[in-house]
Amino acid sequence: MQTAKTSTTVTPLRQLALHSTTTCSSHAAAYGKCILAVYADVRKDSCKQEFEKFGQCLREAMKRKW
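None of these values were measured; they are calculated from a predicted model. (Residues numbered from 1 in each chain as written. Predicted model: local features only at pLDDT ≥ 70, side-chain atom pairs only at ≥ 80, totals over all residues. Heavy atoms only, no water.)

*Asks:* So what's going on with the overall build of the chain? Residues and values would help.
*Replies:* The helix and strand tally for the chain stands at three helices and zero strands. Overall, the chain shows an N-to-C arrangement of helices and strands of α-α-α. Going through the 66 residues of the chain one by one, you find that 15% of them count as buried. When contacts within the chain are restricted to residue pairs at least 6 apart in sequence, those whose partners lie at least 24 apart make up 56%. Just so you have it, the chain exposes about 5700 Å², and 59% of that area is on carbon and sulfur atoms. (Helix = DSSP H or I, 4+ residues; strand = E, 2+ residues; numbered from the N terminus. Buried < 20%, exposed > 50% of the residue type's maximum accessible area, 1.4 Å probe, protein only. Contact = heavy atoms within 4.5 Å. Areas by Shrake-Rupley, 256 points an atom, 1.4 Å probe, with all protein chains shown as cover.)

*Asks:* Now, about the packing of aromatic side chains: what can you tell me, with residues and values included?
*Replies:* Overall, the coordinates contain one aromatic pair when judged by the stated rule. When the ring of Tyr-31 is compared with that of Phe-51, the centres are 5.4 Å apart and the planes differ by 55 degrees; the resulting orientation is tilted. Remark: Phe-51 occurs in helix 3 (residues 48-62) and Tyr-31 occurs in helix 2 (residues 25-38); sequence separation between them is 20 residues. Phe-51 gets classed as partly exposed once you look at its relative accessible area, which sits at 47%. (Phe/Tyr/Trp six-rings, centres within 6.5 Å; stacked < 30°, edge-to-face > 60°.)

These results come straight from atomic positions and should not be treated as a statement about function.
Structural data, given as structure tokens:
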């Protein structure tokens, strides 16, 4: 019989949420501001630089190289 995981278990999704709101919050904010600035006329790669920095921060924080 298996037992349910407790809410204190750190799952990859919880770890991602933690890092995206704390460790990488400045990169997330920069990306969000960029998207907000161009939301009426979003085009491919309009915020590519900010997105790449945010993604790199998350990959480093999650300790997994994709």
